[in-house]
Amino acid sequence: GEDVEQSLFLSVREGDSSVINCTYTDSSSTYLYWYKQEPGAGLQLLTYIFSNMDMKQDQRLTVLLNKKDKHLSLRIADTQTGDSAIYFCAEINTGTASKLTFGTGTRLQVTL
Amino acid sequence: EAGVAQSPRYKIIEKRQSVAFWCNPISGHATLYWYQQILGQGPKLLIQFQNNGVVDDSQLPKDRFSAERLKGVDSTLKIQPAKLEDSAVYLCASSLALNEQFFGPGTRLTVL
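Residues numbered from 1 in each chain as written. Chains lettered and ligands numbered in written order. Predicted model: local features only at pLDDT ≥ 70, side-chain atom pairs only at ≥ 80, totals over all residues. Heavy atoms only, no water.

What follows covers the sheet that holds strand β8 (residues 71-76) of chain A. Residues and elements named next belong to chain A. Read across the open sheet, the five strands follow the order β1-β3-β8-β7-β6; overall the sheet is antiparallel. Looking at strand neighbours, the two that pair on one side only are β1 (4-6) and β6 (55-58), the edges of this open sheet. Sheet twist, expressed as the mean angle between neighbouring strand axes with direction ignored, is 15 degrees. As defined by bridge partners, strand β3 (residues 18-24) adjoins β8 across six bridges and the pair is classed as antiparallel. (Pairing = 2+ DSSP bridges. Helix = DSSP H or I, 4+ residues; strand = E, 2+ residues; numbered from the N terminus. Axes fitted to C-alpha atoms, helices over the stretch in contact; angles between N-to-C directions.)

All names here are of chain B. The side-chain alternation of strand β8 (residues 75-79) yields one buried face, formed by Ser 75, Leu 77 and Ile 79, and one unburied face, formed by Thr 76 and Lys 78. By the bridge criterion, five bridges tie strand β3 (residues 19-24) to β8 in an arrangement that is antiparallel. Within the sheet, the bridge partner assigned to Val 19 lies in β8 and is Ile 79. Pairing of strand β7 (residues 65-68) with β8, which is carried by four bridges, proceeds in the antiparallel orientation. Paired with Ser 66 across the strands is Lys 78, a residue of β8. The turn joining β7 and β8, which pair antiparallel and follow one another in sequence, is formed by six residues; a positive phi near 65 degrees is taken by Lys 71. (Buried < 20%, exposed > 50% of the residue type's maximum accessible area, 1.4 Å probe, protein only.)

The next thing to look at is the pattern of salt bridges. Residues and elements named next belong to chain B. By the definition in use, this model includes four salt bridges over all chains. The salt bridge partner of Lys 62 is Asp 57, with a shortest N-O separation of 3.8 Å. Residue classification places Asp 57 among the partly exposed positions, given a relative accessible area of 26%. (Salt bridge = Lys/Arg side-chain N within 4 Å of Asp/Glu carboxyl O.)

Turning our attention to the sheet that holds β7 of chain B. Residues and elements named next belong to chain B. Ordered by their spatial adjacency, four strands build an open sheet running β1-β3-β8-β7, and the pairing between neighbours is antiparallel. Pairing within the sheet leaves two strands with one partner each, and these edge strands are β1 (5-7) and β7. Within the sheet, the average angular offset between the axes of one strand and its neighbour, ignoring direction, is 15 degrees. Relative to β3, β1 runs antiparallel, the two being bridged by three bridges. Looking at β3, one finds that Ser 7 is bridged to Trp 22.

Our focus in this paragraph is the layout of surface pockets. Its boundaries defined by the atoms lining it, the largest pocket holds a volume of some 590 Å³. Residue lining of the largest pocket: 31 residues in total, with Gln 37, Ile 86 and Arg 107 of chain A together with Gln 37 and Leu 39 of chain B positioned closest to the centre. Elements with a contribution of two residues or more to the lining of the largest pocket: β9 (85-92) and β11 (106-111) of chain A together with β9 (88-95) and β11 (107-111) of chain B. At four residues, β11 of chain A tops the list of elements feeding residues into the lining of the largest pocket. Put simply, the second largest pocket is a space of about 240 Å³. Taken together, 13 residues line the second largest pocket, and the ones lying closest to its centre are Thr 101 and Phe 102 of chain A together with Pro 43, Lys 44 and Gln 59 of chain B. For the lining of the second largest pocket, the secondary structure elements donating two or more residues are β10 (101-102) of chain A together with β5 (44-50) of chain B. (1 Å grid on protein atoms, 1.4 Å probe; cavity = no way out; pocket = protein on both sides within 12 Å on 5 of 7 lines; lining within 4 Å. Points joined across faces, edges and corners; volume = space filled by probe spheres on them.)

In structure tokens form, the structure reads like this:
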């Protein structure tokens, strides 16, 4: 079955770049996502990338996809304290399961 | 545009009691999802509706969990009887297209 893995914790200083990594197993993934979850809140969709793309940039966010290695990363430029949250990688195969499979989440801590 | 609404936000019950959660999706969204998010984990899909029909309920513990979506709009998720391991955040999401799900704030359930 599908499996999505992430490292548990990342600490960066304000103003630095953050890179959150994710690996997945389903080679038929159609879309890959990054969600942000702040304490006590639901999940906010940050960005997503279609599986035939290598990169997508949206303001401070850059998503890189390496399909060969099944590796997805999210880079946040000029990280701010408001970026402190848990970031979830997720994938979906719209051709079969149509089910969003999430990773365990990476807690990003931004220090001053 | 109003987001996905859920109620209650918090619920504390004793084991073997019953509980129900309510979700109102974004207007016009045909697909509705219920996820269970246990502390420290990513959300796990419990059930997916397309209008008022069930698309996927393969991970719903049907001996104690039930869900319905009458008239293809609002949905309720019920647990009867609750167990300690049901303590989690229950997230509702809706989508217009398969590639973009919008999440509500969730209901945090504590079973004592």
